[in-house]
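Fold and contact review
The primary structure of each chain is shown beneath.
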Amino acid sequence: MKPTKKKTEFDKKFYIKWMVIAMTAIWAAIAAVWLSMHNWDTEESMQALARAFTEQPAETEQEAPAEEEAPVKDEQPAPEETEQPETQPEEPKEEAPEATPKDATVYPEIDQLPAEPTIVKGILLANKQHPLPETYAPGENAEARAAFDSMAQAAAKDGLQLTAFSTYRAFDRQKQLYDGYVAKDGQAAADRYSARPGFSEHQTGLAFDIGEAGQEQHWASASFGDTAGGKWVKENAHKYGFILRYPEGKEQITGYMHESWHFRYVGKEAATAIYQQNITLEEYLGI
Ligand SMILES: [Zn+2]
């Protein structure tokens, strides 16, 4: 038993000893080969060794450039970030007029009309965002009527017989009209050319639908803008305190499609500024 055990122990020690020697020799050989591959430069060999362990397999190497480009892409926002102080103030400026207009054509979700009308810079405002109280019933504005009469007299000298075929409209009358339009064309279409009760500018007593006497076919029609009368009013209304309330291409701001016949009395000062700057009432009031 003993000799056998000793022999076994001897064999094991012998085996381990030669295994260590063999492994050392193998690693030394590998190291020697590796060093020889890198010009016997230890530092270069170590760097190559490090690369060998960190490098990705061939398949992902193709993705590597993409990954390397990604940081470049990530770096691109960096210069943009530094430019943002310049570009950021511009972007809101561009977006703000768009954001406001986008809402201008859409009625707000409100449960009831306000108790008071909206007055900005001394000017009464009525649009889809600023409705009037149901009880607001001032009748036709006397100052606006006097201004219209002056304008009509001036137009008459140019051979044009202007008439205001629709001015003040009470809440109930607007409700009757709007409901009729909805029944005829549907609500979406009606909302583009008619105001819901409480939202009509005609309820202010300051809106005048203008046409020519004897030219009824152009009343409340886009074609009025192409007639001599329509062109005259568009170019002269501001002198009497009226503005073309819903100009072409401003639906997103005013909330309504172009109405060549609908004029609004705002007074000479505001009307002249709005006309000369070619802006809308909303833009003039800064809302
Ligand atoms: Zn009108």
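I will try to describe carefully the structure that is included in this document. (Residues numbered from 1 in each chain as written. Predicted model: local features only at pLDDT ≥ 70, side-chain atom pairs only at ≥ 80, totals over all residues. Heavy atoms only, no water.)

Details of the side chain of Thr-204
As for its position among the elements, Thr-204 is in the loop between helix H8 (187-193) and strand S4 (207-212). Looking at Thr-204, the relative accessible area reads 3%, which means it is buried. At 3.0 Å, the side chain of Thr-204 and the backbone nitrogen of Leu-206 are in polar contact. Excluding residues that lie within four positions of it along the chain, Thr-204 makes contacts with Leu-124, Ala-126, Leu-132, Tyr-136, Pro-138 and Gly-139. (Helix = DSSP H or I, 4+ residues; strand = E, 2+ residues; numbered from the N terminus. Buried < 20%, exposed > 50% of the residue type's maximum accessible area, 1.4 Å probe, protein only. Polar contact = N/O pair within 3.5 Å; in protein donor to acceptor, adjacent residues only side chain to side chain. Contact = heavy atoms within 4.5 Å.)

Focus: the coordination of the zinc ion
Taken together, the protein ligands of the zinc ion are His-202 (NE2), Asp-209 (OD), Asp-209 (OD) and His-262 (ND1), with distances of 2.0 to 2.8 Å. Taken together, the four donor atoms surrounding the zinc ion define angles of 51 to 154° at the centre, an arrangement classified as irregular. Counting the intervening residues between successive donors of the zinc ion yields the motif H-x6-D-x52-H. Here Asp-209, found in strand S4, pairs with His-262, found in strand S6 (residues 259-265); they are 53 residues apart in sequence, far enough to count as distant. Its relative accessible area of 5% is what places Asp-209 among the buried residues. (Donors = N, O, S within 2.8 Å, 3.2 Å for Na, K, Ca; no water. Tetrahedral: all angles 85-135°; square planar, octahedral: opposite > 155°, others 65-115°.)

With respect to the environment of Lys-231
The topology assignment puts Lys-231 in helix H9 (residues 228-236). The spacing of Lys-231 and Ser-260 is 29 residues in sequence and 9.0 Å in space, taken between C-alpha atoms. Every residue in contact with Lys-231, bar those within four places of it in the chain, is listed here: Phe-224, Gly-225 and Asp-226.

Details of the environment of Lys-250
Inspection of the secondary structure puts Lys-250 in the loop between strand S5 (242-246) and helix H10 (251-254). A relative accessible area of 18% means that Lys-250 is categorised as buried. Between the alpha carbons of Lys-250 and Thr-280 there is a distance of 7.6 Å; along the sequence they are 30 residues apart. The contacts of Lys-250, once residues within four sequence positions are left out, are Gly-255, Asn-278, Ile-279, Thr-280 and Glu-283.

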